[in-house]
Amino acid sequence: MFVHVFRAVLTEKNIPDLKKKIEAAIRKMNDLKALQNQIQITITPEGLRIELLETKDGTFFNTGSATLNGNGKELLEMLAGQLGDLPNRISIEGHTDAQPYASKDGYGNWDLSADRANAARRVMQGSGLRENQVSQVRGYADQKLRVPANPLDPSNRRISVIVQYLTAEAPPVSAEKPGSGPPGEKTPVNPGPGADGT
């Protein structure tokens, strides 16, 4: 059985250190230097919130699509490597602006926000996050605007990765490597409202 040894635990005392570490890692990524203004990292009551903000031309996803572009994949892979060593749980949110999604088959902003969050989850779990580390994947459509005064602002379209403090509601995840448990055993992930849970 493989047992992962955690190097750190994210707490309110050391969260600024993780913020600085991630910001430094982003500055070292030559392809992302020009996009630093589209990556917002803030300390909140729930933990460390990392937001990937879109522009009108698309920054991390192809415009109007749940397909990550090269910038999005590179950044999420780096974040997964940084966060995979923590026992803290991770939640991932997808958000859109208030512009109605042009689709003839009923696909709308609820679907797009959930699909983008799940696309981020898949990349991160394939790049360092453990399977049971992700606690929630949620799509909010335009219900939690970043710029409420301007519902059509492109930065309302974003992915939020939240590193949660350890609490009774979000206890540390198992240190075992995914797949080391009994055959067929899987850790359930709560997709949250609006997500398809895939």
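Here, the structure is the one placed above.
It is worth spelling out the side chain of R157 at this point. Position of R157 among the secondary structure elements: in the loop between β4 (134–139) and β5 (158–164). Apart from the residues lying within four places of it in its own chain, the contact partners of R157 are L52, L53, E54, T55, K56, H95, T96, D97 and R116.

Before going further, it helps to examine the pattern of salt bridges. Tallying each qualifying case throughout the model produces 8 salt bridges. Between R49 and E93 there is a salt bridge, with the nearest N and O atoms lying 3.2 Å from each other. Taken together, the positions of R49 in strand β2 (residues 47–53) and E93 in strand β3 (residues 90–95) put the pair 44 residues apart, joining distant regions of the chain. When sorted by exposure, R49 lands in the same class as E93, which is buried. Taken together, the shared-partner salt bridges in this structure form one network comprising E46, R49, E51, E93, R146 and R158.

Turning our attention to the nonpolar core. Counting residues in each nonpolar core, the largest one holds 38 residues, and the members touching the most others are I22, L48, I50, L75, L79, L83 and M124. For this core, the leading source of residues is helix α2 (residues 70–83), giving 6 residues.

Our focus in this paragraph is the packing of α2 against helix α3 (residues 109–125). It is at 8 Å that the axes of α2 and α3 come closest, and there the two elements cross at 55°. With respect to each other, α2 and α3 are oriented oblique. Read as a crossing pair, α2 and α3 show a hand that is right-handed. Here K73, L76, E77, L79, A80 and L83 of α2 come into contact with α3, specifically with A120, V123 and M124. Per-class residue counts for the contact of α2 with α3 are 7 nonpolar, no polar and 2 charged.

Conventions used here
Residues numbered from 1 in each chain as written. Predicted model: local features only at pLDDT ≥ 70, side-chain atom pairs only at ≥ 80, totals over all residues. Heavy atoms only, no water. Helix = DSSP H or I, 4+ residues; strand = E, 2+ residues; numbered from the N terminus. Contact = heavy atoms within 4.5 Å. Salt bridge = Lys/Arg side-chain N within 4 Å of Asp/Glu carboxyl O. Buried < 20%, exposed > 50% of the residue type's maximum accessible area, 1.4 Å probe, protein only. Core = buried A, V, L, I, M, F, W, Y, C linked by side-chain atoms within 4.5 Å. Axes fitted to C-alpha atoms, helices over the stretch in contact; angles between N-to-C directions. Parallel < 35°, antiparallel > 145°, perpendicular 65-115°, else oblique. Left-handed = near helix turned anticlockwise from the far one by under 90°. Nonpolar A, V, L, I, M, F, W, Y, C, P; charged D, E, K, R; others polar.

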